[in-house]
Structures are given as structure tokens and as C-alpha cells.
Amino acid sequence: MQNNRWQRAMARTLLNLCIMILGLIFGQTSAGTSLAATSQAYESEPLVAHIITAQDGIAPDVKTITAGLHLKLGEDWKTYWKSPGEVGIPPKITWNGSQNVSDVQFHWPAPIRFRAFGIENFGYKDEVVFPLTVTLENPGAPVDLKAAVTTLICSDICVPVEFSLDLSLAQGTGRDQDSARLINAFLSRVPTPGNTSGMKSDVATLDTESEMLTLNFTNDLPFDAPDVFPDMGRDTAFGAPDIRLAGDRRQLWVQFPVLALAQDPPALSVTVTDTNRVAEFSPRTDAPPTPPPYEIAAAETSASALVWIILLAVGGGLILNVMPCVLPVLSIKLSSAVKARDRSAAQIRAGFLASAAGILTFMWLLAAITIAARSLGYSVGWGIQFQNPLFLAVMIVVLAVFATSLAGLFEITLPQSLNTRLAHVEKGRVSLVGDFLTGAFSAVLATPCSAPFLGTAVAFALTGRPVDIVAIFTAMGVGLAIPYLLVAVHPKLTAALPKPGRWMVGLKWALSAALLTTIGWLVWVMVGVAGDTAATATVLAATVLVLLIWKSTMMPPVLHWTALLLTLTAAFAAPVAIAGKDRSRLLEPAGEIPWITFSRPEIARLVSRGEVVFVDVTADWCLTCKANKALVLERGEVLATLQSDKAIPMQADWTRPDDVIARFLEDNGRFGIPFNIVYGPSAPEGIALPEILTTNAILDAMEQAAPIAGGAVESGS
């Protein structure tokens, strides 16, 4: 009896316990604390994405709800901000098919800065939530969100991703505290108007060439670790900033190189981050330029490093004597040797020393011009004078007169009174003016060539102090002058030449023909720089000038000199006046190699897709470039590779001035051409090649840059 009573009591206890547990479960549900409402997840190896909301249901009369696009990125994977940089695609969402949605406002948290494929980019890594403010058509009614998302995620390669996310919210009053906290955390990183953050934007300057953007900010508190993100539209890109703090760290000066500017850019918007503060400004860009608060001292070059660079410069100058541009230089040097054949040892020595002095004087003049141009803010480079139509016109005219004189058509002499005066001053001596000018002219004609060691030396000079520029250009001049100096030390070397005879007439005609060939090349260069009309006008003026000099004895002196001056004026003024109006012959990549036109952003896009890109920076006036093309690029394995799908050949034409190409060269530490570099998934920063190309160097670089087998990432589904 007692046993049955005990069993009934136990049964009642178990029943009450079950009722209490069920009551707790149903009580929690009725209280409106259901599981969080999120969309189904999109999942791939580099990315997991879904839509989250702070609300689990739509409360009565609610007009807006807070949601977020939540992206979790794999290790080393990144996605992009609204202004991604030179390459990249920001996330984009469309809401077609959504129900009870009148508008969705997409908010952009402040980004971080990172480099991808050698280019500055703005974006996010690890995890990001893009807050969404959803406005309802019918307040309090259920909502059906249908998001179609497109974005680009990048690591060693880039993967474009497209996916759809759906989320339905019924009526209810529940709230997801975890999602709300996550959304609010990223919402706090969305920039607020600058005047509410304690920061102020004082000055913004976009220079007249649109090459530099300079910004100034002040802060009511000291800056800690500020960063600045400018935005002028999708097609505008900025390089790495120069950030400087002053005034007890309350003043911020920052300058960006403008790598690319949209054709019709929107107004500037700037996001500034500093520890836990984020602000947004919209400054005008027409303020006067402001200097930096202080200058950054250049790192001192050690004596041993400077000596090494000087030796490289001497070697580069010496090698210039055997480069493809040696044809006109060799003509001048042989002419000097022939003229010196019958001189005394002292006269030979003096003449060749004068030629060496001419080379050095030109190099010092070039150094002075470089220092002056740099101080005025101009970009400088080796050989860029050949982009100037006036310089080309002067060279064509001078070479035409020199070549026809060498052929014996006429002899250039000084006026009789001056000859008499020089005869008294230099009795028993030979005038050294001609030798001096010969040396200077040979140095001028050598500048369109590059040589091994020369690129390193020029880059060091053009990024160094004025004293470095002078030292390196002097060393290059010494290297170029070594053949003259050898003859000056050993005058008997000229005795190796055959004795004067009829062969000298043939030699003069051969040298004259060589100079005429050089004139033809310069005319071809001018066609590329200034157009057909300018080149034709220069050739006609040079021809008339030669005829006037030849027939000078048949004309009265006044008429003769007037005609000479008018012809010279026409020869030099025509290409300057016409240049820019006749640009009919632009370099169209052609020939056996399927070149595509240079585009710096396109390099990164191609590499992000797993392609290998071979970049060739060339110009009509660069004879070393032409030699590389004829001897290496259009031969054998290199040609077969560039014609295959193993590499994409890209050509940059620097025949005419081009700021984009100049900045590309400068960013790679080069100031002259030829310049060749190979990019690929395994070498996103690029592998620079030597000035003188070889088959093995090109093929090895392409192999190093190629994607690692099996390294591609599927975009998921």
C-alpha cells in the first residue's frame, strides 16, 4: 500500500517537471526572443557572406529597419572600398524582386590601405559589415529582401564573385542583440561630417597638371596614427601618401600623387581616420598650394656606395661608345682621327683633350639643367630631349650642314677678319674650337641610348642630391671620353691609320653617308613627335639652308645673311608651331608581336586573372630599344612566347611626352629607356629586366612570374 502511494507521488513529480520545462520553452517563444533572422549563407573557400538584421521581426508602424551585408574573408583575402584605388571593384547590390522595400541606403565603413599587385588600394580584410538602412513601403508590414551581390576579392589572384541572398522578416517585435552589436560596430566606422569630429579641413590643392593632391587638416586633439582616403570617382586613382604631422601633432599635411584622373571627376570627398575617430570632408581643390611643415632629410649615401655608383657610371659611359647609337658618334670620331693624322704629337694630344673637354662640358650642362628642372618641380629623364621638336630640328639642321661639308660640297670658314685675328693669337697652333665642339656633339648624339650600368647610375643621380647629379654625370662623361683620353695619352695611336691618299675621299663620303642616315632617323623620330608636316617643313628648311651656304658666293652678303637667318628661323619655328596640330602618326603597336597599348591599371587586372604581362617601354628615338626588338624580342623562343597565350605583350610608347609613362618609370626607379618588366601572379611587383635584353633573361623572368600550378581559386557557387 505504501509502495503504491510512493509510486503515484513520483509520477506526479515527473509530470510537474515536464509541464514546467514546456512552460519555460513556450514562455521564451511568447516573449519574442526567437533565434536571429539571417539569410542563408553564400560560402566559398575565400568568402562567406549573408545578410543580418538587428530586428527579428517587423514591429507595428516601423518605417525603417537596420541590416547589414556581412562578409567573412579568408586569410590574406581582401575586398574593396567605394573608391578602390587603381584597380579593384567595390561591392554592388541590387534589390530587384524585394517586397515592401522602397529604398536601401548602403553605408561604407572606413577602409584600410593595402598593396595588391604593386598598387595602392583601399578596402577591407578579415571581416566587414556594410550597414544597410532599409526603408519600408508599408510601415509594419512583412519584408522580403532579395539581394544580388557582385564583388571582387583578391589575394595572390583576384576572383569576381556573384551571389544572391534572401531574407524574409515577418511581423514581430524580436531583436537580435549580437547582430545589432556587430552592425553598430561597423556603423561607428562610417565617416561623419568633419565638423562634428573635432577635425577641420583647412586647405586642398589639386595642381594645374593634376599630378598632385595636397590636403591639410587640424585636430582639437593630437593625431595618433592618421590615414587619409581621397575619393574622386571610380576612374581616379592615387598613389601612396606622404603624411607629415606638425604643431604638437595637431596639424596634418598629406600629399598624394595622382596616378589616374577621371575624364569628368566628381567633387573631391576625403575620409580621415585616426584611432577611434572617422570623419569625412568635401573640400574645394582650388586653394593655393601649401608647402610641407618640414622637409624630410635625404639619407646620406656612404662613401663606398657613392664610389661604386661612380664606377658604374664610368662603365656605362664607356659602353655607350659601342651601343647602337655609335654610328653618328663613330663618324665624328673617325673624322677627328683623320684630321689629326698629320699633326704633331702635342697638337694631337691637345685636340683630343679638347674633345674630351667638350664631352664633359655637355655633361655638366646637362647636370645643371637637371638640377634647375628638379628645383622647379619638373620631371627629368635620360634622353627625353628627343621628345622636343625644337631640339630635333636643331640636330637635323646641324647634321645636314656637317654631312654636306664633310662630303666636300663646301667648307665652313670664319669671316676673314676673325681668321686674321686668330692667326695672330694662335700663330703656330691649331684652333681647338672644332675639336671641342666635336666632343660635345658626340655626347649629344649618345644620349638617346642606354647601356648596362647606366640605368642604375642615372636613377641614383636623378633621385639624389645636386652633388650626386654632378658626380654621376661627370663620371658618365669620363666614361664616354675614354677613347679620346687614350689617344691623348698615346698620340702615336693615330699613326696606325693609313697614310693620306685617295682613300680619304672615300672615307669622307662614307662618313657623310652615315650622318645622312642619322638625319633620316631623326626625321623619322620627328614625324612621331611632331607629325608629318613639321618634319617635312624642317627637312625643306635644312635643304634650303645647305643650298644657301653652298651658293653663298653668288649672293650679295646682306641678302645671303638675311636668307640664312630667315631659313634658320623657319627651320626651328616650324616644328614648334606645327607640333600638336598634326599627330597623324601615333605609334600603333604592330609587327609580329600582338602588342596591346599600355595601361597601368590593366596590368593589375590581367595579373589578377592569372596572366603574365610583358611590358616594353620604348620610343622611336631609342636606338637601344630598336636593337632589343630586332635582336631579341622578334626572334626565336621569345617571339613564340609573346605570340602564345603564355604571356600578354604590352607596349608603352614614350616617343612623345607622357606623364603616365614617366610616373611608371619613376615608380620603378628608372628615368630612361629601354625599360622592360614582367608581371605575373608569382611576381605582382614585377621583375625588371636589364637594359640590354637576352633570351634567357626574358624567359626566366616569365617563368618566375607565372602562376603556381594548382594555385587558382574557384569562385564558389
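Remember, predicted model here, so these are calculated numbers, not experimental data.

### Some thoughts on a negative patch on the surface
Then, number 1: A cluster of acidic residues, Glu75, Asp76, Asp126, Glu127 and Asp156, forms a negative patch at the surface.
Then, number 2: As for its placement among the helices and strands, Asp156 is situated in the loop between strand E10 (143–154) and strand E11 (158–169).
Then, number 3: Note on Asp156: relative accessible area 56%, which makes it exposed.

### A few points about the sheet that holds strand E12 (residues 192–193)
Then, number 1: On the basis of which strands lie adjacent, the open sheet formed by four strands has the order E12-E20-E19-E15 and mixed pairing. At either end of the open sheet lies a strand with only one pairing partner, and these are E12 and strand E15 (227–231).
Then, number 2: Across five bridges, E15 lies against strand E19 (residues 269–274) in antiparallel orientation. Pairing of Asp227 across the sheet is with Thr273, part of E19.

### A short note on the packing of helix H16 (residues 636–643) against helix H18 (residues 695–705)
Then, number 1: Relative to each other, H16 and H18 sit at 35°, their axes nearing to 9 Å. You can see that H16 and H18 cross each other, and the crossing is left-handed. On H18, the residues that touch Glu637, Val638, Thr641 and Leu642 of H16 are Thr695, Ile698, Leu699 and Met702.
Then, number 2: Of the residues assigned to the contact of H16 with H18, the class counts are five nonpolar, two polar and one charged.

### A few points about the pairing of strand E20 (residues 277–281)
Then, number 1: One ladder, built from two bridges, connects E12 with E20; its direction is parallel. Each bridged residue has a counterpart across the sheet, and for Thr192 the counterpart in E20 is Ala279.
Then, number 2: Across five bridges, E19 lies against E20 in antiparallel orientation. The residue of E20 that forms the bridge with Thr273 is Val278.
Then, number 3: From the end of E19 to the start of E20, which pair antiparallel, there are two residues, and Thr275 there has a positive phi angle of about 55°.

### Things to note about the packing of helix H5 (residues 345–375) against helix H10 (residues 466–489)
Then, number 1: At their nearest, the axes of H5 and H10 sit 8 Å apart, and the two run at 165° to each other. Relative to H10, H5 is oriented roughly antiparallel. You can see that H5 and H10 cross each other, and the crossing is right-handed.
Then, number 2: Considering only residue class, the contact of H5 with H10 consists of 23 nonpolar, four polar and two charged.

### Some points on unusual backbone geometry
Then, number 1: Of note, the phi angle at Asp126 is positive, near 65°, even though the residue is not glycine.
Then, number 2: By the element assignment, Asp126 lies in the loop between strand E8 (119–125) and strand E9 (127–135).

### Description of the confidence of the model for the chain
As a general rule, the predicted coordinates of low-pLDDT regions are not to be interpreted in detail.
Then, number 1: The predicted model of the chain averages 78 in pLDDT, with 78% of residues at 70 or higher.
Then, number 2: Counting interchain partners and residues more than four positions distant, the pLDDT-below-50 stretch residues 710–717 has 16 contacts.

### Things to note about the packing of aromatic side chains
Then, number 1: Following the criterion strictly, the structure yields 16 aromatic pairs and no others.
Then, number 2: On the numbers, 6.0 Å between centres and 65° between planes, the contact of Trp81 with Phe122 is edge-to-face. Of this pair, Trp81 sits in strand E4 (residues 78–85) while Phe122 sits in strand E8, placing them 41 residues apart in sequence.
Then, number 3: Taken together, a centroid distance of 5.3 Å and an interplanar angle of 50° make the contact between Phe217 and Phe281 tilted. Of the two residues, Phe217 is situated in strand E14 (residues 212–219) and Phe281 in strand E20; the sequence distance between them amounts to 64 residues. Per residue, the accessibility class of Phe217 equals that of Phe281, and both read buried.
Then, number 4: Three or more aromatic residues joined by ring pairs make a cluster, and in this case those are Phe106, Trp108, Tyr124 and Phe130.

Rules used throughout
Residues numbered from 1 in each chain as written. Predicted model: local features only at pLDDT ≥ 70, side-chain atom pairs only at ≥ 80, totals over all residues. Heavy atoms only, no water. Patch = residues over 30% accessible without salt bridge, like charges linked within 9 Å, V, L, I, M, F, W, Y side chains within 5 Å. Areas by Shrake-Rupley, 256 points an atom, 1.4 Å probe, with all protein chains shown as cover. Salt bridge = Lys/Arg side-chain N within 4 Å of Asp/Glu carboxyl O. Lys, Arg positive; Asp, Glu negative; His and termini not counted. Charge placed at Lys NZ, Arg CZ, Asp CG, Glu CD. Helix = DSSP H or I, 4+ residues; strand = E, 2+ residues; numbered from the N terminus. Buried < 20%, exposed > 50% of the residue type's maximum accessible area, 1.4 Å probe, protein only. Pairing = 2+ DSSP bridges. Axes fitted to C-alpha atoms, helices over the stretch in contact; angles between N-to-C directions. Left-handed = near helix turned anticlockwise from the far one by under 90°. Contact = heavy atoms within 4.5 Å. Nonpolar A, V, L, I, M, F, W, Y, C, P; charged D, E, K, R; others polar. Parallel < 35°, antiparallel > 145°, perpendicular 65-115°, else oblique. pLDDT = per-residue confidence, 0-100. Phe/Tyr/Trp six-rings, centres within 6.5 Å; stacked < 30°, edge-to-face > 60°.

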